[in-house]
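Letter by letter, the chains look like this.
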Amino acid sequence: WAQDCQVDNIQVMQNFNRTKYAGTWYAVAKKDPVGLFLLDNIVAQFNIAEDGQMTATAEGRVIILQQWELCAHMFATFEDTYDPAKFKMKYWGAAANLQTGYDDHWVISTDYDNYAVHYACREKGYDGTCIDSYSFVFSRHPTGLRPEDQYIVTQKKQEICLLGKYRRVQHNVSP
Ligand code: ODT
């Protein structure tokens, strides 16, 4: 038995419902990409417009120019793809010196009311596995995941080949 870590074979949320996904999500764990940006106190807010278009805002503590610590206000628009749980995310910051980008944004699993596992691969290797990914575990509760959601989240971390690569994301660290 060998685990399939091909990015193209990663299973995402079936019948993803963006309306139920809307609202506030607290990042409780994160697997960082190369060139880490958001550190902690990360809160995302997803909005669905009347035409169905998904947008989001996020806040989080960042360090820019190697030493300046600040709370980043970020914005994103999401482009739909053939799969309702796979988006392309265009993002930018409220201030010009914040990161901008165009990333995959996949919803791997969510129960909409308590937990969500997100995944983005920025660069695939020749063998089809990801060589620069990041992933968030989100909770509806700022206090973290409920014990009953830990099992499914751990299982999903393993399915996306990132088990053991997450760090806890703190909340309410003084700015
Ligand atoms: O922190 C990193 O190192 C990589 C992540 C950078 C992307 C942050 C862009 C946030 C733009 C606003 C969007 C909110 C939705 C967030 C949902 C999941 C995280 C991308």
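Residues numbered from 1 in each chain as written. Predicted model: local features only at pLDDT ≥ 70, side-chain atom pairs only at ≥ 80, totals over all residues. Heavy atoms only, no water.

Draft legend 1. Region of interest: the site of the ligand. The environment of the ligand is made up of 21 residues, and the closest members are Lys-30, Pro-33, Phe-37, Leu-38 and Phe-136. Between Phe-37 and the ligand, the recorded distance is 2.8 Å, taken from a backbone N or O atom to an oxygen atom. Contacts to the ligand include Leu-38, whose backbone N or O atom sits 2.9 Å from an oxygen atom. Considering the ligand on its own, with 520 Å² of exposed area, one finds that the protein chains cover 99% of that surface. A molecule is said to occupy a pocket when more than half its atoms come within 2 Å of that pocket's grid points, and by this definition the ligand occupies the largest cavity. Of all the secondary-structure elements, those providing two or more residues to the shell around the ligand are strand S2 (38-48), strand S3 (54-64), strand S4 (68-80), strand S5 (86-93), strand S7 (115-124) and strand S8 (130-139). Broken down by class, the residue content of the shell around the ligand amounts to 16 nonpolar, three polar and two charged. (Near = heavy atom within 4 Å. Polar contact = N/O pair within 3.5 Å; in protein donor to acceptor, adjacent residues only side chain to side chain. Areas by Shrake-Rupley, 256 points an atom, 1.4 Å probe, with all protein chains shown as cover. 1 Å grid on protein atoms, 1.4 Å probe; cavity = no way out; pocket = protein on both sides within 12 Å on 5 of 7 lines; lining within 4 Å. Sits in = over half its atoms within 2 Å of the grid points. Helix = DSSP H or I, 4+ residues; strand = E, 2+ residues; numbered from the N terminus. Nonpolar A, V, L, I, M, F, W, Y, C, P; charged D, E, K, R; others polar.)

Draft legend 2. Geometry of the side chain of Ser-109. With respect to the helices and strands, Ser-109 occurs in strand S6 (residues 101-110). Under the relative-accessibility criterion, Ser-109 is labelled buried at 5%. Within the structure, Ser-109 has its side chain in polar contact with the side chain of Tyr-115 (distance 2.9 Å). Setting aside residues no more than four positions away along its own chain, Ser-109 makes contact with Met-13, Tyr-115, Ala-116, Val-117, Ile-152 and Lys-156. (Buried < 20%, exposed > 50% of the residue type's maximum accessible area, 1.4 Å probe, protein only. Contact = heavy atoms within 4.5 Å.)

Draft legend 3. Spotlight on the state of the cysteines. Evaluation of the coordinates by the stated rule reveals two disulfides. The partner cysteine of Cys-5 in its disulfide is Cys-161, sulfur to sulfur 1.9 Å. The disulfide joining Cys-5 to Cys-161 has a torsion of about -95° about its S-S bond and is therefore left-handed. With Cys-5 in the segment before helix H1 (18-21) and Cys-161 in the loop between helix H2 (147-159) and strand S9 (167-168), this pair connects stretches of sequence that are 156 residues apart. Between the sulfur of Cys-121 and that of Cys-130 lies a disulfide, 2.1 Å long from S to S. Judged by the sign of its S-S torsion, about 105°, the cystine formed by Cys-121 and Cys-130 is right-handed. Overall, Cys-121 belongs to the buried group, its relative accessible area being 10%. Each bonded cysteine in the protein chain gets a number by its place in the sequence, and the pairs come out as 1-4, 2-3. (Disulfide = S-S within 2.5 Å.)

Draft legend 4. Examining the nonpolar core more closely. Counting 49 residues, the largest nonpolar core has Tyr-21 and Tyr-119 as its most contacted members. Looking at this core, the elements with two or more residues in it are strand S1 (23-31), S2, S3, S4, S5, S6, S7 and S8. Looking at this core element by element, the count peaks at six residues for S7. Ignoring any residue separated from it by four or fewer positions in sequence, one finds Tyr-119 in contact with Val-7, Ile-10, Asp-104, His-105, Trp-106, Ile-108, Cys-130, Ser-133, Tyr-134, Ser-135, Ile-160 and Leu-162. (Core = buried A, V, L, I, M, F, W, Y, C linked by side-chain atoms within 4.5 Å.)

Draft legend 5. The arrangement of empty space enclosed by the protein in detail. Scanning all chains against the criterion turns up one cavity of 30 Å³ or more. What lines the largest cavity is a set of 23 residues, and nearest its centre among them are Leu-38, Ala-58, Met-89, Tyr-134 and Phe-136. Counting only elements with at least two residues in the lining of the largest cavity, the list comes to S2, S3, S4, S5, S7 and S8. Classifying every residue of the lining of the largest cavity by side-chain character gives 17 nonpolar, four polar and two charged. (Points joined across faces, edges and corners; volume = space filled by probe spheres on them.)

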